[in-house]
Amino acid sequence: MSGRNPVLQEVLGIRPHLLVLNKMDLADPHQQSRVLEQLRQQGCSHVVFTECQRDTNVEKIVPLFAKLVSSSPRYHRAENAEYNIMVIGVPNVGKSSLINSLRRLHLKKGKATAVGGEPGVTKAVLTRIQVCETPLVYLLDTPGVLPPKLVSVETGMKLALCGAIRDHLVGEDIMADYLLYVLNRQQQFGYMERYGLPEASDNIRHVLKYVALTLGKTQKVKVLTGTGNVNMMMLNYSAAAYEFLRAFRAGHLGRVTLD
Ligand SMILES: Nc1nc2c(ncn2[C@@H]2O[C@H](COP(=O)(O)OP(=O)(O)OP(=O)(O)O)[C@@H](O)[C@H]2O)c(=O)[nH]1
């Protein structure tokens, strides 16, 4: 929901489109029916949950597209039986991974488009990439785009947690604090066991202390005293916040649906 772009919806609304909700392995499976119902109420009924690293459900995409296009009278051109499909979405959702996954499935071919863990890996619209032989399907990878104006701070936070906005632009410490708030609200207490906390806490500094201790994130700090400089070991809270976010994105803190 947070990643949907109303401008694109307006511009492309008339064309057949499919909403691919990727990284389903990281989302809470119990929330799928609620999400589908909410999307249906918004007029979006063609939705597929996928996991592109393991090609889960990716095989559903081409047949669904073929059906969607053939049932749209505007696209009845018998002489041209190839499909050109544009893949659009916020940065880092897995657009390039989806294209690579489709190629693996339908063409038994490897990577045609670069994948990265940071937003902004795809910088330009590449030439179209063939992903299927019958029917002949080409996809256009596009750089991830965010709506020009985010609806709320919370929407921005969710997108940042998903890696759609570069961490340093938001601040790892603030993102870690928001993440802890979400985990506690959803009663996802996996972080307690992972970092050895005796009980749940809504104090991010307290939690990050355990993260830093578990992962050995310390730094030497020079302290000036009256009798000379003393080197002290301090906990590195910034490194701990970064690790906390990384663990969440890898699914180590549980399967969480932010929206
Ligand atoms: N857990 C999980 N990770 C995924 C999945 N699909 C892609 N990824 C990872 O997500 C990261 C981003 O993937 P990309 O395919 O580069 O994403 P993109 O949308 O093309 O990114 P931009 O080019 O920045 O817009 C990579 O580290 C992928 O390995 C998935 O289904 N599950």
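This text follows the structure it describes.
Residues numbered from 1 in each chain as written. Predicted model: local features only at pLDDT ≥ 70, side-chain atom pairs only at ≥ 80, totals over all residues. Heavy atoms only, no water.

**Overview of the packing of aromatic side chains**
For step 1, the next point in the chain: Throughout the structure, instances matching the rule amount to three aromatic pairs.
For step 2, the next point in the chain: Taking 5.8 Å as the distance between ring centres and 45° as the angle between the ring planes, the aromatic pair formed by Tyr178 and Tyr181 counts as tilted. On the criterion of helical spacing, the pair formed by Tyr178 and Tyr181 is a turn pair, its members being three residues apart in helix H7 (residues 172-185).
For step 3, the next point in the chain: According to the relative accessible area criterion, Tyr178 is buried, its value standing at 11%.
For step 4, the next point in the chain: On the basis of relative accessibility, which here comes to 41%, the residue Tyr181 falls in the partly exposed class.
For step 5, the next point in the chain: A cation over a ring is seen here: Arg128 above Tyr138, with NZ or CZ 3.6 Å from the ring centre. (Phe/Tyr/Trp six-rings, centres within 6.5 Å; stacked < 30°, edge-to-face > 60°. Helix = DSSP H or I, 4+ residues; strand = E, 2+ residues; numbered from the N terminus. Buried < 20%, exposed > 50% of the residue type's maximum accessible area, 1.4 Å probe, protein only. Lys NZ or Arg CZ within 6 Å of the ring centre and 35° of its normal.)

**Here's the deal with the side chain of Thr50**
For step 1, the next point in the chain: For Thr50, the position within the fold is in the loop between strand S2 (47-49) and helix H3 (61-70).
For step 2, the next point in the chain: Classification of Thr50 as buried rests on a relative accessible area of 0%.
For step 3, the next point in the chain: Apart from the residues within four sequence positions on either side, Thr50 is in contact with Val20, Leu21, Asn22, Lys23, Met24, Thr56, Asn57, Val58 and Ile61. (Contact = heavy atoms within 4.5 Å.)

**Looking at the sheet that holds strand S5 (residues 136-141)**
Think of a sheet as strands paired side by side through backbone hydrogen bonds, with each pair either parallel or antiparallel.
For step 1, the next point in the chain: Pairing is mixed across the open sheet formed by three strands, whose spatial order is S3-S5-S4. Edge positions in the sheet fall to strand S3 (82-87) and strand S4 (129-132), since each has one partner strand and no second. Taken over all neighbouring pairs, the strand axes of this sheet differ in orientation by 35° on average, direction set aside.
For step 2, the next point in the chain: One ladder, built from six bridges, connects S3 with S5; its direction is parallel. In the sheet register, Tyr83 faces S5, and the bridge partner there is Val137.
For step 3, the next point in the chain: The strands touched by helix H4 (residues 95-107) are S3, S4 and S5; relative to S4, the strand with the most contacts, the crossing angle is about 50°. (Pairing = 2+ DSSP bridges. Axes fitted to C-alpha atoms, helices over the stretch in contact; angles between N-to-C directions.)

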